Amino acid sequence: MEIPEPIDPADVADWDREADVVIAGQGIAGTCAALEAHRAGAEVLIVERASGGGGASALSSGIFYLGGGTEVQRAAGYDDDADQMARFLQASCDPLDPNGAREFCEDSLSHFEWLEAQGVPFERSYFPGKAVFLLTSECLMWTGNEKVWPYNEIARPAPRGHKVAGSGENAGIDAMKPLLQRCVDEDIPAIYDSAVVGLVQDGDRKVVGVRVKQGREMIHVRARRGVIIACGSHNLSKPLLEQYLPLLSETSEPLAIPSNDGAGVLLGRSAGADAVAMDGIIPTASIYPPAQLIKGIVVNRLGQRFVAEDVYHGRLGNFVMEQPGQKAYLIVDSEVFAYPEIPTANHSLIDGWETIGEMEAGLELPPGSLVDTMAAYNRDAAEGEDRRFHKQAEWLKPLDKAPYAAFDISFDSSTYLFITLGGIKADANGQALDLYSNPIPGLYVVGASAAHIPRSGKSYASGLSLGPGSYFGRRAGRHAAGADWR
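**Observations regarding the overall build of the protein chain**
And then number 1: Of the regular secondary structure elements, the protein chain holds 13 helices and 20 strands.
And then number 2: Scaling as 2.2 N^0.38, a compact globule of 486 residues should have a C-alpha radius of gyration of about 23 Å, and the protein chain matches this with 24 Å.
And then number 3: By principal-axis analysis of the C-alpha atoms, the protein chain measures approximately 80 × 45 × 35 Å.
And then number 4: Scored against the burial criterion, the 486 residues of the protein chain give a buried share of 58%.

Quick look at the structure:
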């Protein structure tokens, strides 16, 4: 796909339809935008490429990153507030829009209450363990690097992953169903099997409508107040991946639906908006469950550790991707040994050895490298403090019970599933911004088509797509309708 040329209003012979606010995409960001724009008094039209709403949000694990002292957090005994949440996100994510990230934290509690008011179900339950996703309906869980040094010294750790009360790996559908039903109940019109393929932009740079492909036909829809792009990510855009993510390997696989082809990014750029953080990616091939494997160590082909092993799986994946030759090995002893349980990761057992020296030679690591690494780690673990990377004490254990084993978790051999993070630069109200951060009049970009709060998988936490996507979608809807947020 190439960046489409903006369409001059003079070249539109007739407007086939019109509305105050036109929304491209009906995932969680677009759906929340539609509800708020409609409730603010605007006439809304949703344009969706698929045959129904839901998007990638419906196929997600259904985790919302929320905090500030929600009822779920309080029920689990956690004292959280907006300031602590903001401290963590500002330190770990270095957001492009720190003010927008701060407002997301300040409004997080009320946003949780809004979601529940729409019928999105959340249990008052807590999962205390370490998991990538839950197949059960439990709600609160640790989904990021809150406990990881140095962030645990900057902000008081609290779990903020709020999983919707659905079962199975794709519980996101249980969040989308009530939101989509609200659109039906409130008679918000939508046209399906319809793709926005161009923006109509006047001489003052204002976006005033869209060109829509329906089968073999093209129609034009006028937007009296604004167009909101909520088309999803660019996981399947080969040109964008090749341009911005050259470290992706042949074994990497995108987590995507067919419409995640970068249409939102290209539409935004066609109107003069800037694309940022396009090298951001969450690659995941978690070594856990079982959690006991976190007590092992991960080394590169130089025999060196390079990250605390108890970090969020996306942070570990990002570091693995950047290692020499993209090689990495999970080292365990007989007390820690278990097979990784995420079947899609395809981590392979290399072999077992009676001594660390034999393992070092078997992995073809530099002479003395793994022996020295293990000696330093075991000394720290015996004293209960990881001086190099500050892995938490609960995951520290001297690896001194032979035999030893190594799993290959290299980026170019294991299967790292990935989600892209970059997108169109936008402000807290979802207004698309140009290179100099000037708003493009009449154009909004939200959800995975916009740049996320985190710029890379090193700072990501599960839920930082659905949480901010739904929140900033709401704000864009109200702003496009001409209403204040507060």
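Further notes follow.
**Observations regarding the sheet that holds strand S12 (residues 281-284)**
And then number 1: Pairing within the open sheet is mixed, and its three strands lie in the order S10-S17-S12. The open sheet has two edge strands, strand S10 (253-254) and S12, and neither has a second partner.

**Comments concerning the packing of aromatic side chains**
And then number 1: Inspection of the entire model under this criterion finds 14 aromatic pairs.
And then number 2: Note on Tyr312 and Tyr460: the rings are 6.3 Å apart at their centroids and 50 degrees apart in plane angle, and the pair reads as tilted. Separated by 148 residues along the polypeptide, Tyr312 in the loop between strand S13 (297-299) and helix H10 (313-321) and Tyr460 in the loop between strand S20 (439-445) and helix H13 (466-480) bring together distant segments of the chain. The pair formed by Tyr312 and Tyr460 is uniform in burial state, with each residue classed as buried.
And then number 3: Here the aromatic cluster, defined as three or more aromatic residues joined through ring pairs, consists of Phe104, Tyr471, Phe472 and Trp485.
And then number 4: If you follow Lys147 out to its NZ or CZ, it ends over the ring of Trp142, 4.4 Å from the centre.
And then number 5: The ring centre of Phe319 lies 4.3 Å from the NZ or CZ of Lys458, which sits over that ring.

**Here's the deal with the pattern of salt bridges**
And then number 1: Taken as a whole, this structure holds 31 salt bridges when the rule is applied.
And then number 2: Asp434 is paired through a salt bridge with Arg205; the nearest N and O atoms lie 3.4 Å apart. Within this pair, whereas Asp434 is found in the loop between strand S19 (431-433) and S20, its partner Arg205 is found in the loop between strand S7 (195-201) and strand S8 (207-214), the two being separated by 229 residues in sequence.
And then number 3: Exposure remark for Asp434: the relative accessible area of 8% places this residue in the buried category.
And then number 4: Overall, Arg205 belongs to the partly exposed group, its relative accessible area being 32%.
And then number 5: In this structure, Asp274 engages Lys425 in a salt bridge whose closest nitrogen and oxygen atoms are separated by 3.8 Å. Of this pair, Asp274 sits in the loop between helix H9 (263-270) and strand S11 (275-276) while Lys425 sits in the loop between strand S18 (423-424) and S19, and the two are 151 residues apart along the sequence.

**Examining the environment of Gly296**
And then number 1: Take Gly296: it is sitting in the loop between S12 and S13.
And then number 2: Once you skip the residues sitting within four places of it in the chain, Gly296 turns out to touch Glu309, Leu330, Ile331, Val332, Val336, Tyr377, Lys391 and Leu399.

**Observations regarding the packing of helix H4 (residues 98-106) against H13**
And then number 1: Between H4 and H13, the least distance of the axes is 11 Å, while the angle of their chain directions is 100 degrees. Of the possible angle classes, the one that applies to H4 and H13 is roughly perpendicular. When H4 is examined against H13, the residues Gly100, Glu103 and Phe104 are found in contact with a partner set consisting of Gly467, Pro468, Tyr471, Phe472 and Arg475.
And then number 2: Of the residues contributing to the contact of H4 with H13, the split by class is four nonpolar, two polar and two charged.

**Considerations on the sheet that holds strand S16 (residues 404-408)**
And then number 1: The strand order S13-S14-S16-S15 describes an open sheet built from four strands, whose pairing is antiparallel. Looking at the sheet topology across the chains shown, the edges are occupied by S13 and strand S15 (348-353). The mean angle between the axes of side-by-side strands here comes to 25 degrees, regardless of whether they run parallel or antiparallel.
And then number 2: Where strand S14 (residues 329-333) and S16 come together, five bridges link them in antiparallel fashion. Directly across from Asp333, in S16, lies its bridge partner Tyr404.
And then number 3: Docked against the sheet, helix H12 (residues 369-383) engages S13, S14 and S16, running at close to 150 degrees with respect to S13.

**Re the state of the cysteines**
And then number 1: For the coordinates displayed, the defined rule picks out zero disulfides.
And then number 2: Free of any disulfide, Cys93 has its nearest cysteine sulfur in Cys105, 9.1 Å distant.

**What to know about the packing of helix H1 (residues 28-39) against helix H7 (residues 173-185)**
Each pair of packed helices can be summarised by the angle the axes make with each other and by the distance between the axes.
And then number 1: Put simply, H1 and H7 touch, their axes get as near as 10 Å, and they point 35 degrees apart. The handedness of the crossing between H1 and H7 comes out as left-handed. Counting all contacts with H1, which are made through Ile28, Thr31, Cys32, Leu35 and Arg39, the residues of H7 involved are Met176, Leu179, Leu180, Arg182 and Cys183.
And then number 2: Per-class residue counts for the contact of H1 with H7 are seven nonpolar, one polar and two charged.

**What about the nonpolar core?**
And then number 1: The biggest cluster of nonpolar side chains holds 61 residues, and the ones touching the most others in it are Val44, Leu89, Phe104 and Ile228.
And then number 2: When residues of this core are assigned to their parent elements, the largest contribution, seven residues, is made by H1.
And then number 3: With sequence-adjacent residues up to four places away left out, Leu89 is seen in contact with Tyr65, Asp94, Pro95, Phe104, Cys105 and Leu464.
And then number 4: Listed in part, the 50 residues of the second largest apolar core include Ala285, Leu396, Leu399 and Phe418.

**Quick look at the pairing of strand S17 (residues 417-420)**
And then number 1: The pairing of S10 with S17 spans two bridges and is parallel. In the strand pairing of S17, Pro254 is matched with Phe418.
And then number 2: Of the strand pairs in this sheet, S12 and S17 are connected by four bridges, and their pairing is antiparallel. Paired with Ile281 across the two strands is Thr420, which belongs to S17.

**What about the side chain of Glu309?**
And then number 1: Positionally, Glu309 belongs in the loop between S13 and H10.
And then number 2: Within the local environment of Glu309, its side chain forms a polar contact with the backbone nitrogen of Val298, the two atoms lying 3.1 Å apart.
And then number 3: Setting aside residues up to four positions removed in sequence, Glu309 forms contacts with Ile287, Ile294, Gly296, Ile297, Val298 and Lys391.

**A word on H10**
And then number 1: The element H10 is largely enclosed, with a buried count of nine among its nine residues.
And then number 2: The complete set of buried residues in H10 reads His313, Gly314, Arg315, Leu316, Gly317, Asn318, Phe319, Val320 and Met321.
And then number 3: Looking at the buried residues of H10, the elements they touch are helix H6 (151-154), S12 and S13.

What counts and how
Residues numbered from 1 in each chain as written. Predicted model: local features only at pLDDT ≥ 70, side-chain atom pairs only at ≥ 80, totals over all residues. Heavy atoms only, no water. Helix = DSSP H or I, 4+ residues; strand = E, 2+ residues; numbered from the N terminus. Rg over C-alpha atoms; globule rule 2.2 N^0.38 Å. Buried < 20%, exposed > 50% of the residue type's maximum accessible area, 1.4 Å probe, protein only. Pairing = 2+ DSSP bridges. Phe/Tyr/Trp six-rings, centres within 6.5 Å; stacked < 30°, edge-to-face > 60°. Lys NZ or Arg CZ within 6 Å of the ring centre and 35° of its normal. Salt bridge = Lys/Arg side-chain N within 4 Å of Asp/Glu carboxyl O. Contact = heavy atoms within 4.5 Å. Axes fitted to C-alpha atoms, helices over the stretch in contact; angles between N-to-C directions. Parallel < 35°, antiparallel > 145°, perpendicular 65-115°, else oblique. Nonpolar A, V, L, I, M, F, W, Y, C, P; charged D, E, K, R; others polar. Disulfide = S-S within 2.5 Å. Left-handed = near helix turned anticlockwise from the far one by under 90°. Core = buried A, V, L, I, M, F, W, Y, C linked by side-chain atoms within 4.5 Å. Polar contact = N/O pair within 3.5 Å; in protein donor to acceptor, adjacent residues only side chain to side chain.

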